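Below are the chains, spelled out letter by letter.
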Amino acid sequence: MNATTMTGDILDFVTGELCAIRPSLPAGLPPTARYTADLNFDSLDLVELVARIEQRYGLKVPDADLQQFVSLDATLQYIVTHIER
Amino acid sequence: MNGKTRVVITGVGVLTPLGNAPEALWRALRAGESAAHEWPDLVAGGYRCARACRISAFQCDPLRRGRALGIAAAEQAVRHAGVTLPESAGVFIGSTLGESMAFECAAEGEAIDLADFRVPSFTAGVRERFGLTGPQQSLATACAAGNYAVGAALSALRQGRCNVALAGGAEPFSRLSLVGFSRSRAMASGGCRPFDANRTGMLLGEGAAMFVMERAETALQRGATPLAEVVSLGLSCDAHHPTAPQPEGLGMRAAMQAALQAGGITPAEIDWVNAHGSGTRASDAAEAKALHALFGDTLPAVSGSKGALGHALGAASAIELAVCVQGLHDQTVPPTPGHEQPEAEGGIACTRAPLARRLRWVLNNAFAFGGVNSALLLRAWAA
Amino acid sequence: MQIDAFRSLDFDARLEREAMEQIADGIAALFDIEAPRERIGLIVASDNAGTATSVQFWLDAMRIGVAVASPELFPWCLANAPCGALARRFRVTGPNATLLGESDALLAALDTAAGQVTQRQVDNAVVVALCFANGHAGGKALALRVCADNGRHSLDLGALRTLVDPVPLRAGIDVLCGQLNRC
């Protein structure tokens, strides 16, 4: 799987989970979408999203890293970085 | 009987990770001890947070740990009070999940009728132990449940529904709660550090505290020594979020204000606040705002014991009420284990050593998940 | 005690979170009053609030692994979650309580509500009895608004006590509905 495909798959997964957590979200979220400012996500939504990412990609995101999950972009970056590790 | 009828605590029983008697608990708290440590079974079980405060030396059926803790605390309180409970005595117990282990086993496929393992099973257990048929309530208001139970007993006694009441909270250690709070990212990465600038979260505890409560007149007539007077319970609800508190502490302040108003005193008269102080960033920040907004320049001594005992959820406010009773007896505010440095802006400087001072009025705060806020007003007994 | 409005409904959602959406829609009219929200009390009496979600939460945690379990359901494991949800939906910031038990819990909730109103801690108190679906039966809810005076219905708690204590909460709800419908 090349990097572009992987990133695309990750984007699809995260976007899908965002919409599963908040069914009222519109389709086609831009990668720059910020969870709190743009999507009105709260703390509970965010920890649930991170949990689903952990389950899907076999990650264990430490509490201290949660602050990095501020947008779709940043989330993709985190996942790609930690999968590669 | 009216709203001004005086109600007192005449007996206290506690089961906690720092001692299974009020005096032992108080000695440990005065010494600044903490029961928090890593548990091998939690490490082996793969829990992200394996640090907790648990009671080691208490043997019982694991499926009935909550009820057993409640009964043991009640027995202690009754002995302490030197009272023969009439059959009409009331029982008021608060908890969060009830017998968490039973829920876990049921989920894992064991044939368990959970109807027998909810919070009312604790109340029923205490009633059965003492042959009681009086008024009863099982309060499921999570982290505030102990305060609620004592408040319900206060009402029942003032209305003459019973002459004696057993009230308090019981909570067995819950793996379900451990996972829930851990995955909600509420747990501390090290110790629990109430109101500390570097706090990272809560730790889970367990235990029970039960009180014998009577109308003062009745207690004095039978020659009992009141340990403290329960004056009022203030309540409010944030109506804000399923887990996060209203960030300005508006609901917390409202609960404290309601307790003071019902008790007929001003904030300046409070000598000591036993804070909820769970150690989470959000809850302590909200409580700090509430305390500053309510007390202004007259902020009294503030302490918290969750750094010592962890958060015993439904039993927490009852255990901490027992700490308040001991503090009133000793005329000393205990230290706040885990608290070293308050926030630079708007922080709360908690006690870091035992603080001897004249203590008359004490507020016991307990703020539950879901924004259920309670503040119990206590007074040193004076005839 | 004086009751100025009540609603009852059956519901079929299995977990508390979904059930509360149905319940809140069904009892919304009771909160449609011109009153300061901090002067409205809210008390839930339930026999099994939190049970279904607790079992589901732990089942999921065992399946997925405790280290990576989903936290989403956890707040609903607590029996006081339904009362909190109603408070949020209807912006009610007065005293909020959850009592567990059978009809004794409903009686205690009504008694507490009456006391709060009489002592002027609140102007109105809404008591909600909740039996969540349990695999043998669907869900049942009854909500009553307690007021100070001039209620449409008058309830004698003492008489009610002899009728419903110690029957299960489901049966107690039916008896109380019958009484209210006859008023």
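Here goes a summary of the coordinates provided. Keep in mind the model is a prediction, meaning the values are calculated, not measured.

### Some details on unusual backbone geometry
Right, so step 1: The amide bond that connects C:Asp165 to the next residue, C:Pro166, takes the cis arrangement and shows omega of 20 degrees.
Right, so step 2: You can see C:Pro166 is positioned in the loop between helix 5 (157–164) and helix 6 (169–182).
Right, so step 3: One non-glycine residue with positive phi stands out, namely B:Ala142, at about 50 degrees.
Right, so step 4: Along the polypeptide, B:Ala142 turns up in the loop between strand 5 (136–139) and helix 6 (145–158).
Right, so step 5: We classify B:Ala142 as buried; its relative accessible area is 1%.
Right, so step 6: With a phi close to 55 degrees, C:Asn150 is a non-glycine residue in the positive phi region.

### Notes on helix 2 (residues 51–64) of chain C
Right, so step 1: Compared with an ideal rise of 1.5 Å per residue, which puts 14 residues at 20 Å, helix 2 of chain C spans 20 Å between its outermost C-alpha atoms and is within 8% of the ideal.
Right, so step 2: Within helix 2 of chain C the residues assigned to the buried category are C:Thr51, C:Ala52, C:Thr53, C:Ser54, C:Gln56, C:Phe57, C:Trp58 and C:Ala61.
Right, so step 3: Against the buried residues of helix 2 of chain C lie helix 4 (100–107) and helix 7 (175–183) of chain B together with helix 1 (16–27) of chain C.
Right, so step 4: Just beyond helix 2 of chain C, the residue with positive phi is C:Gly65, at close to 110 degrees.

### Describing the interface of chain A and chain B
Right, so step 1: At the junction of the two partners, chain A supplies 12 residues and chain B supplies nine residues.
Right, so step 2: Sorting the residues of chain A by area buried against chain B places A:Leu44, A:Val47 and A:Asp63 first, and these three jointly supply 50% of that buried surface.
Right, so step 3: Across the chain A-chain B interface, the total number found is four salt bridges.
Right, so step 4: Of the charged contacts, one joins A:Glu54 and B:Arg48 as a salt bridge, the two residues approaching to 3.0 Å between their closest N and O atoms.
Right, so step 5: Scanning the region where chain A abuts chain B turns up seven residue pairs in polar contact (both at pLDDT 80 or more).
Right, so step 6: Broken down by class, the residue content of the side of chain A that touches chain B amounts to seven nonpolar, one polar and four charged.

### A short note on the environment of B:Val323
Residue and element names in this part refer to chain B.
Right, so step 1: On the secondary structure map, Val323 appears in helix 12 (residues 316–330).
Right, so step 2: Separated by 300 residues in the primary sequence, Val323 and Glu23 place their C-alpha atoms 9.5 Å from one another.
Right, so step 3: The residues touching Val323, leaving out its near neighbours within four places in the chain, are Leu25, Trp26, Leu29, Trp272 and Pro334.

### Section: the interface of chain B and chain C
Right, so step 1: With 43 residues of chain B at the contact, the number on the chain C side is 39 residues.
Right, so step 2: Around 3400 Å² of area is buried between chain B and chain C when both sides are counted, 65% of it from carbon and sulfur atoms.
Right, so step 3: Applying the counting rule to chain B against chain C returns one salt bridge.
Right, so step 4: B:Arg161 is the partner of C:Asp111 in a salt bridge, and the nearest nitrogen-oxygen pair spans 2.4 Å.
Right, so step 5: Across the chain B-chain C interface, the total number found is 13 residue pairs in polar contact (both at pLDDT 80 or more).
Right, so step 6: Mapped onto the side of chain B that touches chain C, the elements with two or more residues apiece are helix 4, strand 5, helix 7 and strand 8 (228–237) of chain B.
Right, so step 7: The element contributing the most residues to the side of chain B that touches chain C is helix 7 of chain B, with seven residues.
Right, so step 8: Across the side of chain B that touches chain C, the residue classes tally to 20 nonpolar, 15 polar and eight charged.

So, how was this worked out
- Residues numbered from 1 in each chain as written.
- Chains lettered and ligands numbered in written order.
- Predicted model: local features only at pLDDT ≥ 70, side-chain atom pairs only at ≥ 80, totals over all residues.
- Heavy atoms only, no water.
- Helix = DSSP H or I, 4+ residues; strand = E, 2+ residues; numbered from the N terminus.
- Buried < 20%, exposed > 50% of the residue type's maximum accessible area, 1.4 Å probe, protein only.
- Expected span 1.5 Å × (residues − 1).
- Contact = heavy atoms within 4.5 Å.
- Buried area = accessible area lost by both parts, 1.4 Å probe.
- Salt bridge = Lys/Arg side-chain N within 4 Å of Asp/Glu carboxyl O.
- Polar contact = N/O pair within 3.5 Å; in protein donor to acceptor, adjacent residues only side chain to side chain.
- Nonpolar A, V, L, I, M, F, W, Y, C, P; charged D, E, K, R; others polar.

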